[in-house]
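Chain by chain, the residues:
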Amino acid sequence: MTTIYYTGCSLDGFIATPDHSLDWLTSRDIDEQGPMHYASFRERIGACVMGATTWQWILDHDDDPWGDLPTWVMTHRTFEPVKAVTFSADPVEQVHAAALEVAAGKDVWLVGGGDLVGQFHDAGLLDEVWIQYAPVTLGAGAPVLPRHVELRLEEVARNRDFACLRHSVVR
């Protein structure tokens, strides 16, 4: 079981604009059967953890939020209950242990944001970072990882507009 941060990113290192938009990312050309695409990645995931801003974006843009994937949303906010979603302000170590248990041998996906992923890294719980770089710069926004993290490049692929990289975390 691996804990993976899988995300799209601008060339200048942002995962969302200052107003939390992903329009720059979702408008890009990608082969849904191509290397490191979400569909094949999703098959290996047994649970996920995300921040409240990411969850709010999903609620605002998806008519059927998230499906049956066991998910923890790290938040102090109040949201409407959703099946398979647990809202938590517990320490990342505690949430990670619960996610691993529910994942039943599959991987855990850290959806974002970058600071939340950094907390997992700081606790020694982040194993891999997969980034799909889009051919755009944003100039500002939510940084992909707002702290020092040492990585080792493991795999590089091109998926149409995207440069896709898989890294392992150097411990």
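Residues numbered from 1 in each chain as written. Predicted model: local features only at pLDDT ≥ 70, side-chain atom pairs only at ≥ 80, totals over all residues. Heavy atoms only, no water.

Engineer: Would you take a moment to explain the overall build of the chain for this structure?
Structural biologist: When its secondary structure is counted, the chain shows five helices and ten strands. Computed over its C-alpha atoms, the radius of gyration of the chain comes to 15 Å, within 12% of the 16 Å expected for a compact globule of 171 residues. Its C-alpha atoms give the chain principal-axis dimensions of roughly 35 × 35 × 30 Å. Taking all 171 residues of the chain together, the buried fraction comes to 48%. Surface exposure of the chain reaches about 8600 Å², of which carbon and sulfur atoms provide 49%. Each charge sign in the chain was given a centre, from 12 positive and 25 negative side chains, and these centres are 5 Å apart. (Helix = DSSP H or I, 4+ residues; strand = E, 2+ residues; numbered from the N terminus. Rg over C-alpha atoms; globule rule 2.2 N^0.38 Å. Buried < 20%, exposed > 50% of the residue type's maximum accessible area, 1.4 Å probe, protein only. Areas by Shrake-Rupley, 256 points an atom, 1.4 Å probe, with all protein chains shown as cover. Lys, Arg positive; Asp, Glu negative; His and termini not counted. Charge placed at Lys NZ, Arg CZ, Asp CG, Glu CD.)

Engineer: Any chance you could explain the nonpolar core here in plain terms?
Structural biologist: As a rule of thumb, nonpolar side chains are buried together in soluble globular proteins. By size, the foremost hydrophobic cluster in this structure holds 27 residues, and its most contacted members are Phe41, Cys48, Met50, Trp55, Trp66 and Trp109. Going through the elements one at a time, strand 1 (3-10), helix 1 (23-26), strand 3 (45-51), helix 3 (52-61), strand 6 (107-112), strand 7 (128-134) and strand 10 (162-169) are the ones with two or more residues in this core. Look past the residues within four positions of tryptophan 109 in its chain and what remains in contact with it is Ile4, Tyr6, Tyr38, Phe41, Ile45, Ala47, Cys48, Val49 and Trp66. If you look at the next biggest cluster of nonpolar residues, it comprises 24 residues, including Ala47, Val49, Leu116 and Leu145. (Core = buried A, V, L, I, M, F, W, Y, C linked by side-chain atoms within 4.5 Å. Contact = heavy atoms within 4.5 Å.)

Engineer: Sorry if this is basic, but what is going on with the pattern of salt bridges here?
Structural biologist: One side chain can pair with another of opposite charge once the charged atoms of both are near each other. Tallied over the full model, the rule gives eight salt bridges. For arginine 147, the salt bridge is made with aspartate 115, and the minimal N-O distance between the two is 3.1 Å. Residue arginine 147 is located in the loop between strand 8 (142-143) and strand 9 (151-159), and its partner aspartate 115 is located in helix 5 (residues 114-122); the two are separated by 32 residues in the primary sequence. Salt-bridge contacts for arginine 147 lead to aspartate 122; the nearest nitrogen and oxygen are separated by 2.9 Å. Of the two residues, arginine 147 sits in the loop between strand 8 and strand 9 while aspartate 122 sits in helix 5, which places them 25 residues apart along the sequence. Each member of the salt-bridge network shares a partner with another, and the members are Asp115, Asp122 and Arg147. (Salt bridge = Lys/Arg side-chain N within 4 Å of Asp/Glu carboxyl O.)

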